[in-house]
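Residue-level structural notes
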Amino acid sequence: MKKVLTTLGALASLVMAQQAFAADGTVNFTGSIVNAPCNVIIGDLNQTIQLGQVRTAKFTAVGAKSDPQAFGIKLENCDISGTNPLTKVTIKFDGDPVPGTGAGASELFGVGLATSAAKNVGVEIADYRTNTRIKNGVPSAVFNLAAGETTLRFISSYVSTAAAVLPGTANATAQFSLVYQ
């Protein structure tokens, strides 16, 4: 009898031990190791810029824009010293273009292909310093790096590509990549 109880106790301990190791969730670690003079701060790697609700009446002609919203990408730990220092950077934004052949459609970022998406409008990203459009898939003008920290500043807005903008969701996505010089 004692042997049976010992065996049952061992089995119960084994079952309880397995329950103690059941997974309740997952932790994912992401990042990259870069050979660059700076790194992008974590908070600026993935951003959401609120362009808000804009009335279709705001777009009175091709190229009409919504009010711009400023945003930045902050670089930190910039080391621009050394024998051949990299002291400049360009940024390239890539995303889906606006569908169709409207004015500037290929330069802007499309707001989606869903049936509920706004039509004849895209998102523009411009250099804050000059208000010059940074075309989809084309590197920006050069930014100078400073030792320590540098913030690359931009503005974004909706831009009409046809005379009539149709309402709907207007969410766009752009990935960015930095090229140091």
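Residues numbered from 1 in each chain as written. Predicted model: local features only at pLDDT ≥ 70, side-chain atom pairs only at ≥ 80, totals over all residues. Heavy atoms only, no water.

Let us look at the overall build of the protein. Secondary structure summary: the protein contains two helices and nine strands in total. A total of 181 residues make up the protein; the buried ones form 28% of that total. Residue pairs at least 24 apart in sequence account for 80% of intrachain contacts in the protein once pairs closer than 6 positions are excluded. (Helix = DSSP H or I, 4+ residues; strand = E, 2+ residues; numbered from the N terminus. Buried < 20%, exposed > 50% of the residue type's maximum accessible area, 1.4 Å probe, protein only. Contact = heavy atoms within 4.5 Å.)

This next bit is on the pattern of salt bridges. On inspection of all chains with the given rule, the structure shows eight salt bridges. When the shortest N-O distance is used, the salt bridge between Glu124 and Arg133 registers 2.6 Å. Taking relative accessible area as the criterion, Arg133 reaches 26% and is therefore assigned partly exposed. Several salt bridges converge on common partners, so that one network encompasses Lys65, Glu107, Glu124, Arg133 and Lys135. (Salt bridge = Lys/Arg side-chain N within 4 Å of Asp/Glu carboxyl O.)

Pairing within the open sheet is antiparallel, and its three strands lie in the order 7-3-9. On the outer flanks of this sheet lie strand 7 (143-144) and strand 9 (175-180), each paired with one strand and no other. Here two bridges tie strand 3 (residues 88-94) to strand 7, and the two strands are oriented antiparallel to one another. Looking at strand 7, one finds that Lys88 is bridged to Asn144. (Pairing = 2+ DSSP bridges.)

Quick look at the nonpolar core now. Nonpolar side chains in soluble globular proteins generally cluster together in the buried interior. Counting 27 residues, the largest nonpolar core has Leu75, Phe93, Phe154 and Tyr158 as the members making the most contacts within it. If you list the elements that add at least two residues to this core, you get strand 2 (69-78), strand 3, strand 5 (121-127) and strand 8 (148-160). Here this core takes four residues from strand 2, the largest share from any one element. Here Tyr158 is in contact with Leu51, Gly52, Val54, Phe59, Ala64, Lys65, Ser66, Val111, Val121, Gly122, Val123 and Ala170, once residues within four sequence places are set aside. (Core = buried A, V, L, I, M, F, W, Y, C linked by side-chain atoms within 4.5 Å.)

Evaluation of the coordinates by the stated rule reveals one disulfide. The partner cysteine of Cys38 in its disulfide is Cys78, sulfur to sulfur 2.1 Å. Handedness here is read from the sign of the S-S torsion; for Cys38 and Cys78, about 125°, the answer is right-handed. Placement of Cys38 in the loop between helix 1 (2-20) and strand 1 (39-40) and of Cys78 in strand 2 is noted, with a sequence separation of 40 residues between them. In terms of burial, Cys38 and Cys78 fall into one category: buried. (Disulfide = S-S within 2.5 Å.)

For Tyr128, the position within the fold is in the loop between strand 5 and strand 6 (132-133). Residues Tyr128 and Ala70 lie 58 residues apart in sequence; the distance between their C-alpha atoms is 7.6 Å. Once residues lying within four places of it in the same chain are set aside, the contact partners of Tyr128 are Ala70, Arg153, Phe154 and Ile155.

These figures capture arrangement, not role.
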